[in-house]
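# Descriptive analysis of the structure
Here is how the chains run, residue by residue.
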Amino acid sequence: MIVRLPVAASVRLIQSVRSSVTHGAFRAGPTTTPALVEVPWGRRWDLPWALRLAAALLGLAAIVTYLVVALLRLAYPFPLEFLESNSLVEVQRILAGRPLYAAPTVSYVPDGYPPLYFATSAAVASVLGLSYLPLRLVSLVSSLVCFAVLARLVQRETASAAAGIASAGLLAATYFVADTWFDVARVDSEFIALSVAALYCARWMRRTRGAVATGLLLGAAFLTKQNGLAEGVAVLTALACGSRRRLAWPAALAYGAAVGGSTVVLGLMSHGWYVFYVWQLLGEHTLNHAAFAQFWTEYILPMLGLACCALVLGVRRASPVLLAGCAALVVESYASLVHSNGKVNDMLPAFLVVALLAGLAMGGHPGGLVSWGADRLAGPQSASGRTGRTGPSVGAAAAALVIAQLTSLIAGFHPGQAIPTSADRAVGERLTSRLAGLGGIIAVPTDPGLILLAGLPAVAHQAATDDILHASNLAAIASFTRSAARAVAVREFSAIVTESAAPPDGFPADLPRYYHRCPQTLMAGVPPPVFQPVAGPTGRPVYVWLPVGGASCAATVHALVASAPGTPTEAQPRPVSSSVSRSGGMS
């Protein structure tokens, strides 16, 4: 009677027989009968495998949910988050051929970041046109690249595709508790994508070209967000102290060329302002001492406490290079959060570390057809390169913890609160068209992108201005305050629009001598939840300041009032985080 074995069992049987031949099972001669090979019929359906599969399915659900929300709000023409507006202004300056780094004035203050994200977004905007869509598209693609590289890194370390997918899904699920940050027009998604790509390359490179690629990726991460300096130093140090020390030199040379060369060139082109914004400004801010504890009590433990338990199980199987990179990413998050303008987006590198190490813990002891196939795809270095394998019970425990964490993160998310409504769009479009009709230079310090989309000259963003005013560089502070005083004195602005009744930060104390605040409000009749950012702190333009002796307040505000026919009088409120301030932009 002929018994047909399943394909998976047949492959394992062949491997077992070949292994027996290789290790001398038949060396005793033809009369020796090998031991009967046990076919692991139920291997594919054991508990660790089933838990990893369940974690992977939940991870896929998190990624798909994120992707749906991101696509639904990708083309929204107004800021999803407070600081998106200044990103749009910086991209417009690149497209117009104007310098990205210049002395701070009331007309423009850059975010204190290196230029790579803005340059990438400008390249896309040159094809798609100037709007928030190209910037968000760069962030969306970067986040998907980050998920893919993370999944591949974990899969290659553990030979478990399910563990890789679950790890990527765990990172994607932090979107639900981190102010839906991955797809906003900010530098963070591109930064973590380049950071994890650099880790992958550093972990698995074997030749000089791989070392050069590692250095360039680390340099690119720095050129997106200067916090990446810590990762570059840590990874290169780990390489120099390990068995691949000969490859540390070409990696370091490539990294030094990217970081040092860009600093020299951009510093000279900007007359030193690039060095100030990127290298000095962040260090001049005061520290928020409460954030030293909040890193754990408000972010890591409440958001990813269960996954952190899995992380502890996965640390032992990470290679020295991965551990060095992970430690640096946590330091980057910590250092950013504890400075005076730290926000939840600063936690993304730390969330990446939790997802990576939790994924490694899920792998357990590689085995079976999936492991064999993964090793063959990864090449001869894959199996020999794995370190610190854990037992199946540890992998099962880690997978169970990740399942619980993913369930908690997904269940607490309300997609409707993350997607702008038709009422938001209607109010924004009406306000933009009416501002364009007013003409002149209109200062909207909390949303200069609104004026830019109206076809008028933008002014400095309030958050970027606060970064200057809260620093200790007297020359930079004087540059801004002098330009603001001069613009106010000559009544350069046809109107100033603010969120609060107080004058904008950095404007002269005698502003009421030249401009008076109208008693009428811009958002009269518009429900409070409408035309608010759906990510980060909330706020919208409300008060109008007009030149003394100029146009009538009643007539001007009536012409600008944003309420449109059909605007609902009720809307579902969006939660406002009382712990987040709209002052300061660098984080």
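Here's what I pulled together on the structure shown here.

Calculation rules
Residues numbered from 1 in each chain as written. Predicted model: local features only at pLDDT ≥ 70, side-chain atom pairs only at ≥ 80, totals over all residues. Heavy atoms only, no water. Helix = DSSP H or I, 4+ residues; strand = E, 2+ residues; numbered from the N terminus. Buried < 20%, exposed > 50% of the residue type's maximum accessible area, 1.4 Å probe, protein only. Disulfide = S-S within 2.5 Å. Pairing = 2+ DSSP bridges. Contact = heavy atoms within 4.5 Å. Axes fitted to C-alpha atoms, helices over the stretch in contact; angles between N-to-C directions. Salt bridge = Lys/Arg side-chain N within 4 Å of Asp/Glu carboxyl O.

## What to know about the environment of Ser189
The topology assignment puts Ser189 in helix α7 (residues 188-204). On the basis of relative accessibility, which here comes to 1%, the residue Ser189 falls in the buried class. Measuring from C-alpha to C-alpha, the distance between Ser189 and Val141 comes to 8.6 Å, with 48 residues separating the pair along the chain.

## Observations regarding the state of the cysteines
On inspection of all chains with the given rule, the structure shows one disulfide. Not engaged in a disulfide, the cysteine Cys309 finds its nearest cysteine sulfur in Cys308; these two sulfurs lie 7.1 Å apart. Exposure remark for Cys309: the relative accessible area of 41% places this residue in the partly exposed category.

## Considering the sheet that holds strand β4 (residues 543-547)
Spatial ordering of the open sheet is given by β1-β2-β4-β3, a layout of four strands whose pairing is mixed. The sheet is open, and its two edges are formed by β1 (442-443) and β3 (515-521), each paired on a single side. Pairing geometry for β3 and β4, over four bridges, is antiparallel. Within the sheet, the bridge partner assigned to Arg517 lies in β4 and is Trp545. Against the sheet, helix α23 (residues 553-560) engages β3 and β4, with an angle of about 55° to β3.

## A look at the pattern of salt bridges
Within the structure shown, the criterion is met by six salt bridges. The shortest N-O distance in the salt bridge between Arg73 and Asp183 comes to 2.7 Å. Of this pair, Arg73 sits in helix α2 (residues 47-73) while Asp183 sits in the loop between α6 (161-173) and α7, and the two are 110 residues apart along the sequence. Here Arg73 matches Asp183 in class, with each residue buried. A salt bridge links Arg203 to Glu157, with the nearest nitrogen and oxygen atoms 2.6 Å apart. Of this pair, Arg203 sits in helix α7 while Glu157 is found in helix α5 (residues 132-158), placing the two residues 46 residues apart along the sequence. Comparing Arg203 with Glu157 shows no difference in burial state: the two are buried. Within this structure, Asp188, Lys225 and Asp346 form a network of salt bridges that share partners.

In short, shape yes, function no, at least from these values alone.
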